[in-house]
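# Results of the structural survey
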Amino acid sequence: MNNTSIILTPHVINTVKALADADRKAIGFALVEELVFGRNPEGSLSPVQAVIYTLISDYVKRDSIRGSKIVQDALN
């Protein structure tokens, strides 16, 4: 997600909030690790957390791309 705003929709936030505390922390840190620092965090997650992380990360990427397109269209 280079040069793209990061958009966290209510769907993503509610999904993360619904996780068990340990999973919420691990996945939250993993999102920061990837989206802010550009590092692959999957080695620090359990197999189940890695699957959940992949889904949530895809939501963030999809929503961020969609949001960027909306902004671009509005500016043109």
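The sections below set out a description of the structure shown in this document. Please read all numbers here as calculations on a predicted model, not as lab measurements.

## Let's talk about the packing of helix H2 (residues 21-35) against helix H3 (residues 47-75)
Packed helix pairs are specified by the crossing angle of their axes together with the interaxial distance, meaning the distance between the axes. Look at H2 against H3: their axes get within 10 Å of each other, and the N-to-C directions meet at 50°. In terms of axis orientation, H2 runs oblique to H3. By crossing handedness, the relation of H2 to H3 is classed as right-handed. Residues Ala22, Asp23, Ala26, Ile27, Ala30, Leu31, Glu34 and Leu35 of H2 touch H3, and the partners they reach there are Gln49, Ile52, Tyr53, Ile56, Ser57, Val60 and Lys61. Tallied by class, residues from the contact of H2 with H3 come to ten nonpolar, two polar and three charged.

## Digging into the side chain of serine 64
Counting through the fold element by element, serine 64 comes out in helix H3. Residue class for serine 64 comes out buried when judged on its relative accessible area of 0%. Within the structure, serine 64 has its side chain in polar contact with the backbone nitrogen of isoleucine 7 (distance 2.8 Å).

## Structural notes on the nonpolar core
Counting residues in hydrophobic clusters, the biggest one holds 13 residues, and the most contacted among them are Val12, Ile27, Leu31, Leu45, Tyr53 and Ile56. Residue assignment for this core shows that the elements contributing at least two residues are helix H1 (10-17), H2 and H3. Sequence-distant contacts of isoleucine 27, defined by excluding residues within four places in its chain, comprise Leu19, Leu45, Gln49, Ile52, Tyr53 and Ile56.

## Let's talk about the pattern of salt bridges
Counted by the stated rule, this structure contains six salt bridges. A salt bridge links lysine 61 to glutamate 34; the nearest nitrogen and oxygen atoms lie 2.9 Å apart. Highlighted residues: lysine 61 in helix H3 and glutamate 34 in helix H2, separated in sequence by 27 residues. The partner of aspartate 63 in a salt bridge is arginine 62, and the shortest N-O contact between them spans 3.3 Å. By relative accessible area, which is 39% here, arginine 62 ends up partly exposed. Several salt bridges share partner residues, and in doing so they unite Asp21, Arg24 and Lys25 into one network.

What counts, and where the lines are drawn
- Residues numbered from 1 in each chain as written.
- Predicted model: local features only at pLDDT ≥ 70, side-chain atom pairs only at ≥ 80, totals over all residues.
- Heavy atoms only, no water.
- Axes fitted to C-alpha atoms, helices over the stretch in contact; angles between N-to-C directions.
- Helix = DSSP H or I, 4+ residues; strand = E, 2+ residues; numbered from the N terminus.
- Parallel < 35°, antiparallel > 145°, perpendicular 65-115°, else oblique.
- Left-handed = near helix turned anticlockwise from the far one by under 90°.
- Contact = heavy atoms within 4.5 Å.
- Nonpolar A, V, L, I, M, F, W, Y, C, P; charged D, E, K, R; others polar.
- Buried < 20%, exposed > 50% of the residue type's maximum accessible area, 1.4 Å probe, protein only.
- Polar contact = N/O pair within 3.5 Å; in protein donor to acceptor, adjacent residues only side chain to side chain.
- Core = buried A, V, L, I, M, F, W, Y, C linked by side-chain atoms within 4.5 Å.
- Salt bridge = Lys/Arg side-chain N within 4 Å of Asp/Glu carboxyl O.

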